[in-house]
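Understanding the architecture of this molecule
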Amino acid sequence: MLNIVIFGAPGSGKGTQSVKLSEKYGLEHVSTGDMLRAEIEANTEFGQKADSYISKGHLIPDEVMIEKLDDLMRKKNGVKGFIFDGFPRTLAQGKALDEMLEKYDEKVSVVLSLEVEEEELVNRILKRGEISGRSDDNRETVESRLNVYRNQTEPLKSFYNERFKLVRIPGQGSIDDIFDSISTVIDRIIA
Ligand code: AMP
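What you see is a predicted model, and the numbers here were worked out from it, not measured in a lab.

The rules behind each value
- Residues numbered from 1 in each chain as written.
- Predicted model: local features only at pLDDT ≥ 70, side-chain atom pairs only at ≥ 80, totals over all residues.
- Heavy atoms only, no water.
- Salt bridge = Lys/Arg side-chain N within 4 Å of Asp/Glu carboxyl O.
- Helix = DSSP H or I, 4+ residues; strand = E, 2+ residues; numbered from the N terminus.
- Buried < 20%, exposed > 50% of the residue type's maximum accessible area, 1.4 Å probe, protein only.
- Near = heavy atom within 4 Å.
- Polar contact = N/O pair within 3.5 Å; in protein donor to acceptor, adjacent residues only side chain to side chain.
- Areas by Shrake-Rupley, 256 points an atom, 1.4 Å probe, with all protein chains shown as cover.
- 1 Å grid on protein atoms, 1.4 Å probe; cavity = no way out; pocket = protein on both sides within 12 Å on 5 of 7 lines; lining within 4 Å.
- Sits in = over half its atoms within 2 Å of the grid points.
- Nonpolar A, V, L, I, M, F, W, Y, C, P; charged D, E, K, R; others polar.
- Axes fitted to C-alpha atoms, helices over the stretch in contact; angles between N-to-C directions.
- Contact = heavy atoms within 4.5 Å.

Scanning the entire structure with this criterion turns up 17 salt bridges. When the shortest N-O distance is used, the salt bridge between Arg74 and Asp71 registers 3.7 Å. Remark: Asp71 and Arg74 occur in helix H4 (residues 62-74); sequence separation between them is three residues, near one turn of the helix. Assessed through its relative accessible area of 30%, Asp71 is described here as partly exposed. Taken together, the salt bridges that share partners define one network made up of Arg128, Arg134, Asp136, Asp137 and Arg145.

Next up, the structure:
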């Protein structure tokens, strides 16, 4: 299986690139953010609870997210591989993902880190907020999301770098150029 973690700050283009990747390589796109927004949309109890974290730019607690991801993976038997988009976001989640994959005799194949300057991230998120209707795409929440990213998520880069999994991808420029850089990395892995 090919198990890709697409990694980066909010607004770095993880979702956009994941959709293209899943189409090109026939992989299962697992977006925890999309899953949470679907729960909010359906107005479930869990969705309401999740929104109270999301709208403040905070993370959902690890044990809840790990359990949700475990459920999701158990339902996806026989797939060619996964693209994990928005998971892991903490070291605890990174360790949990290794353990979950181990149960299937699998591992993370590569971590693609989309590198985008902070000013560009803020601009992109505010622009997306004009059309997304997301409760977290606004100026107040952006600061908190970037702080959470720096403090809780970015340490995963060293975690994966030490395991020789991390590949940095320049994440500014056209969507297609960025996708070409990603495809070059993936083609080398599957060759
Ligand atoms: P995203 O669409 O990936 O930017 O996620 C939107 C929001 O959902 C995040 O800011 C978090 O509040 C929440 N979220 C998504 N994935 C996770 C995760 N793996 N752990 C904790 N919270 C998450």
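Continuing now.
Close to the ligand lie 16 residues, the nearest being Thr32, Arg37, His58, Gly86 and Gln93. Within the contact set of the ligand, an oxygen atom lies 2.9 Å away from a side-chain nitrogen or oxygen of Arg37. At 3.0 Å, a side-chain N or O of Gln93 approaches a nitrogen atom of the ligand. Alone, the ligand offers 480 Å² of accessible surface; in the complex the protein occludes 96% of this. Assessed atom by atom at 2 Å from the grid points, the ligand resides in the largest pocket. Tallying contributions element by element places helix H2 (residues 32-41) first for the shell around the ligand, with four residues. Looking at the shell around the ligand residue by residue, the class counts come to six nonpolar, five polar and five charged.

Contact geometry of helix H5 (residues 91-103) with helix H8 (residues 155-162) gives a least axis separation of 9 Å together with a crossing angle of 35°. For the pair formed by H5 and H8, the contact residues are Leu91, Gly94, Lys95, Leu97 and Asp98 on the first element and Pro155, Leu156, Phe159 and Tyr160 on the second. Considered class by class, the residues forming the contact of H5 with H8 number six nonpolar, one polar and two charged.

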